[in-house]
Amino acid sequence: MSINNWHPADEKHFIKQLIVRQDGLTEIEGYLRSIDTRTNWGPHITEADIIDFKREAIQLLIDAREAGISQ
């Protein structure tokens, strides 16, 4: 999918898919470390969306840790 066709819902789906991978917590932590270095989000994603993506990823980490999921 082209960056021009990437929407907030696509990024949220991507974030949720990270947690189901074998190293999901590591993947989400890496996502959070790198999100501020991403410069081209495309025309459909705003700064408010990016803040929302960070919140969603952080919440997934919190939920996983509370559920006893470790790396």
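Caption draft 1: Representation of the packing of helix α1 (residues 8–19) against helix α2 (residues 24–34) within the structure. Between α1 and α2, the least distance of the axes is 6 Å, while the angle of their chain directions is 140°. With respect to their mutual orientation, α1 and α2 come out oblique. Contacts from Glu11, Phe14, Ile15, Leu18 and Ile19 of α1 reach α2 at Gly24, Leu25, Glu27, Ile28 and Tyr31.

Caption draft 2: Quick peek at the side chain of Asp49. Within the secondary structure, Asp49 is located in helix α3 (residues 47–66). Buried Asp49, no salt bridge; nearest opposite-charge side chain is Lys12, N-O distance 6.4 Å. Discounting residues that sit within four places of it in the chain, Asp49 has contacts with Pro8 and His44.

Caption draft 3: Broad picture of the pattern of salt bridges. Tallied over the full model, the rule gives six salt bridges. For Lys12, the salt bridge is made with Asp52, and the minimal N-O distance between the two is 2.6 Å. Within this pair, whereas Lys12 is found in helix α1, its partner Asp52 is found in helix α3, the two being separated by 40 residues in sequence. The exposure class assigned to Lys12 is partly exposed, which follows from its relative accessible area of 26%. In this structure Asp52 comes out as partly exposed when scored by relative accessible area, which is 27%. Lys54 is the salt-bridge partner of Asp36, the closest N and O atoms lying 2.6 Å from each other.

Caption draft 4: View of α3. A rise of 1.5 Å per residue sets the reference length of α3, with its 20 residues, at 28 Å; its end C-alpha atoms lie 29 Å apart and thus fit the reference within 8%. Inspection of α3 places Asp49, Ile50, Phe53, Glu56, Ala57, Leu60, Leu61 and Ala64 among the buried residues, and these make up the whole buried set. End-on, the buried residues of α3 take up no more than an arc of 135°, which puts them together on one face. When the buried face of α3 is taken as reference, the exposed residues oriented beyond 90 degrees from it are Glu47, Ala48, Arg55 and Glu66. Tucked into the core, α3 has its buried residues touching α1 and α2. One or two residues past the end of α3 sits Gly68, with phi positive at roughly 85°.

Criteria and cut-off values
Residues numbered from 1 in each chain as written. Predicted model: local features only at pLDDT ≥ 70, side-chain atom pairs only at ≥ 80, totals over all residues. Heavy atoms only, no water. Axes fitted to C-alpha atoms, helices over the stretch in contact; angles between N-to-C directions. Helix = DSSP H or I, 4+ residues; strand = E, 2+ residues; numbered from the N terminus. Parallel < 35°, antiparallel > 145°, perpendicular 65-115°, else oblique. Contact = heavy atoms within 4.5 Å. Buried < 20%, exposed > 50% of the residue type's maximum accessible area, 1.4 Å probe, protein only. Lys, Arg positive; Asp, Glu negative; His and termini not counted. Salt bridge = Lys/Arg side-chain N within 4 Å of Asp/Glu carboxyl O. Expected span 1.5 Å × (residues − 1). Arc of directions from axis to C-beta.

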